[in-house]
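Below are the chains, spelled out letter by letter.
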Amino acid sequence: MYKEVDVIIKPRFIDEYKDGYPLISKESILNWDKISEEGTIINLLDNKKKFIAKGYHGIQNKGFGWVLTNTKNQKIDTEYFKARIKDAIEYRKDFYEDDSTTAFRVFNGEGDRVGGLTIDYFDGFYLLTWYSLGIYQFKDEILEALKSQVEYKGIYQKRRFDTKGKYLEGENDFISGDEAPTPLIVKENNENFAIYLDDGPMVGVFLDQREVRKMIRDKYAKDKTVLNTFSYTGAFSVFAACGGAVKTTSVDLANRSRAKTKEQFEINNIKAEEQEIIVQDVFDYFNIAVKKGFKFDMVVVDPPSFARSKKRTFSVAKDYVKLLKEIIQITNKDGIIVASTNCANFGMVTFRDFIAKAFKESNKKYKIEESFSLPKDFKVIDEFRESSYLKVVFIKKLS
Ligand code: SAH
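Residues numbered from 1 in each chain as written. Predicted model: local features only at pLDDT ≥ 70, side-chain atom pairs only at ≥ 80, totals over all residues. Heavy atoms only, no water.

Before going further, it helps to examine the overall build of the protein chain. Per the secondary structure count, the protein chain includes eleven helices and 21 strands. In summary, the protein chain has a C-alpha radius of gyration of 23 Å against a globular reference of 21 Å for 399 residues, a match within 12%. For the protein chain, the spread of C-alpha atoms along the three principal axes comes to 70 × 50 × 40 Å. Counting over 399 residues, the protein chain shows a buried share of 56%. Counting contacts in the protein chain only where the partners sit at least 6 residues apart, residues at least 24 apart contribute 62% of the total. Split by element, the accessible area of the protein chain, about 18500 Å² in all, is 47% carbon and sulfur. Of the side chains in the protein chain, 65 bear a positive and 61 a negative charge, and the two mean positions are spaced by 6 Å. (Helix = DSSP H or I, 4+ residues; strand = E, 2+ residues; numbered from the N terminus. Rg over C-alpha atoms; globule rule 2.2 N^0.38 Å. Buried < 20%, exposed > 50% of the residue type's maximum accessible area, 1.4 Å probe, protein only. Contact = heavy atoms within 4.5 Å. Areas by Shrake-Rupley, 256 points an atom, 1.4 Å probe, with all protein chains shown as cover. Lys, Arg positive; Asp, Glu negative; His and termini not counted. Charge placed at Lys NZ, Arg CZ, Asp CG, Glu CD.)

The structure is reproduced here in structure tokens:
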């Protein structure tokens with residue numbers, strides 16, 4: 001059995017937890033010293049010792065644990081996780097039924113009421129991502145629960161926490177069933193993506209940008225020259241090319257991005273040699289592009305929130321305006337800038353302020369065509385809007 005500990009919530013935090021706020025913070029608890037091991041079940045009580053909520057202790061950069069239920073006698077066992085996963089699958093019914101897309105998120109952490117765990121679906125294979133040692137303590141129950149609710153070809157995992165070697169012995173990313181082909185080819189709105197379930201922390205495609213890629217393909221790419229910056233495996237470039245772009249240019253610092261991008265083109269029957277793939281720091285690329293007078297009809301920019309290269313550190317919160325100003329210079333009049341960020345530290349209002357500032361300082365006019373946040377499968381609950389991290393804005397450069 002798991003250790004279960006009662007703790008007292010500080011008065012000013014009681015209402016928050018009563019209203020369903022899911023993230024447990026250290027500073028909201030009076031006697032946190034009672035909790036030590038990750039995976040401990042925590043009963044949150046008010047100052048009169050009345051039960052408010054039950055959660056678990058797990059250390060993530062977001063906080064120190066997650067509320068799992070507001071029912072006092074609820075056991076956190078296989079049955080509990082079964083019910084959560086069942087609800088999550090029901091909510092994604094449309095995705096399971098849609099043959100044109102075979103990669104989506106089945107379980108989105110606190111959005112599906114279990115913070116610290118996500119489950120993604122890749123054409124019959126399931127990938128569990130554990131975000132703390134705390135949630136990883138429930139691995140057996142969660143796996144059993146998942147297996148009881150789905151038919152699967154195979155199950156994989158990623159551990160996104162500091163394992164210190166202790167829990168890794170004899171384990172790898174493959175857990176159960178059959179191993180996936182390498183690459184595993186999945187479909188997204190009828191295009192193909194190569195996915196690697198057992199090749200480092202990332203699988204090759206960020207599923208949360210699905211709607212943005214579709215929009216680029218269906219409405220914006222035709223007959224356009226497209227620059228994709230921070231291009232990773234070139235997923236945006238693939239959709240632009242499939243939508244009839246004249247040519248795509250993908251720029252990423254990572255050496256591996258060249259072969260990965262080439263592969264994504266090829267599995268979609270796009271001739272990679274007709275596209276441009278550049279391995280370079282985007283800021284160096286901008287310097288060259290400005291000097292040589294390169295201009296594009298569409299520029300996609302979706303940087304990591306933080307990045308450190310040999311030459312510089314980049315932070316979205318600090319440097320996005322600068323980044324946009326560079327892009328404005330190399331975008332044609334009436335061209336489209338797809339500005340994206342997954343930085344959770346600021347919201348859409350601040351992001352639009354960045355855009356306004358960049359255009360003002362560039363002395364140019366613009367119009368916002370549309371904006372996107374997370375797609376339906378990346379479920380977010382109203383009590384915790386903070387987890388709605390994605391912001392994407394399609395901007396038309398008017399002058
Ligand atoms: N936009 C991509 C995901 C970007 S992931 C997509 O939707 O698929 C972030 C990428 O930025 C990584 O591939 C990383 O190699 C790259 N990167 C980080 N700093 C960079 C820099 N200064 N110049 C170019 N690429 C950079």
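Of all residues adjacent to the ligand, which total 14 residues, the nearest are F230, D252, L253, V282 and D302. Here a nitrogen atom of the ligand and a backbone polar atom of F230 are 3.1 Å apart. Within the contact set of the ligand, a nitrogen atom lies 3.1 Å away from a backbone nitrogen or oxygen of L253. A class-by-class count of the residues in the shell around the ligand yields nine nonpolar, one polar and four charged. (Near = heavy atom within 4 Å. Polar contact = N/O pair within 3.5 Å; in protein donor to acceptor, adjacent residues only side chain to side chain. Nonpolar A, V, L, I, M, F, W, Y, C, P; charged D, E, K, R; others polar.)

Whenever strands of a sheet pair, they do so through backbone hydrogen bonds, lying parallel or antiparallel. The five strands are arranged β1-β3-β4-β5-β2 in an open sheet whose pairing can be described as mixed. Two strands lie at the open edges of the sheet, namely β1 (4-8) and β2 (23-24), each paired on one side alone. (Pairing = 2+ DSSP bridges.)

Checked against the element boundaries, K391 lands in strand β21 (residues 391-397). Within the buried core, K391 has no salt-bridge partner, and the shortest N-O distance to an opposite charge, that of D302, equals 10 Å. Within the local environment of K391, its side chain forms a polar contact with the backbone oxygen of F346, the two atoms lying 2.8 Å apart. Apart from residues no more than four positions distant in its own chain, K391 is found in contact with A339, S340, T341, C343, F346, G347, M348, F351 and F372. (Salt bridge = Lys/Arg side-chain N within 4 Å of Asp/Glu carboxyl O.)

Time to look at the domain arrangement of the protein chain. Looking at the protein chain, the domain boundaries give domain 1 (4-69), domain 2 (78-189) and domain 3 (206-397). The straight-line distance from the C-alpha centre of domain 1 to that of domain 3 is 39 Å. Taken together, the contacts link seven residues of domain 1 with five residues of domain 3. Summing both partners gives a buried area of about 380 Å² for domain 1 against domain 3, and 70% of it is carried by carbon and sulfur. Where domain 1 packs against domain 3, one counts zero salt bridges. Counting across the domain 1 and domain 3 interface gives one residue pair in polar contact (both at pLDDT 80 or more). Broken down by class, the residue content of the side of domain 1 that touches domain 3 amounts to four nonpolar, one polar and two charged. (Domains from an automatic or database assignment. Buried area = accessible area lost by both parts, 1.4 Å probe.)

We now examine the environment of K49. Residue placement: K49 occurs in the loop between β3 (41-45) and β4 (51-57). The exposure class of K49 is exposed, given its relative accessible area of 62%. Once the C-alpha coordinates of K49 and V7 are considered, the two residues, 42 residues apart in sequence, prove to be 8.7 Å apart.

So, about helix α9 (residues 282-292). Residues of α9 that are buried include every one of V282, F283, D284, Y285, F286 and A289, and no others. Elements in contact with the buried residues of α9: β13 (225-229), β14 (247-252), β15 (276-279), β16 (296-301), β18 (313-315) and α10 (316-329). You can read the cap of α9 off the contacts: a side-chain oxygen lies 2.9 Å from the backbone nitrogen of F283, and it is on D281. Count one or two residues on from α9 and you reach G293, which has phi positive near 75°.

Strand order in the open sheet formed by five strands is β6-β7-β8-β9-β10, with mixed pairing between adjacent strands. Each having just a single partner strand, β6 (103-108) and β10 (174-177) make up the two edges of the open sheet. Adjacent strand axes in the sheet meet at a mean angle of 20°, parallel and antiparallel pairs treated alike. Here β6 runs beside strand β7 (residues 117-122); their pairing, made up of five bridges, is antiparallel. (Axes fitted to C-alpha atoms, helices over the stretch in contact; angles between N-to-C directions.)

Turning next to the packing of helix α6 (residues 210-220) against helix α7 (residues 235-242). At a minimum axis separation of 7 Å, α6 and α7 run at an interaxial angle of 30°. One element, α6, and the other, α7, form an angle in the roughly parallel class. Pair α6 / α7 crosses with right-handed handedness. Along its contact with α6, which presents V212, R213, K214, I216 and R217, the element α7 presents A235, F236, F239, A240 and C242. (Parallel < 35°, antiparallel > 145°, perpendicular 65-115°, else oblique. Left-handed = near helix turned anticlockwise from the far one by under 90°.)

Moving on to the pairing of β15. Two elements, β14 and β15, share four bridges in a ladder whose sense is parallel. Following the sheet pairing, V251 is matched in β15 by I278. The handedness of the β14 to β15 crossover, carried by helix α8 (residues 256-266), is right-handed. (Right-handed = clockwise from strand over helix to strand, strands pointing away.)

With that out of the way, let us pick up α7. An α-helical turn contains 3.6 residues, so a residue and the one three or four places further along point in the same direction. Along α7, seven of the eight residues are buried, which leaves the element largely enclosed by surrounding structure. Those residues of α7 that sit buried are A235, F236, S237, V238, F239, A240 and A241. Just past α7, the residue G244 takes up positive phi, approximately 95°.

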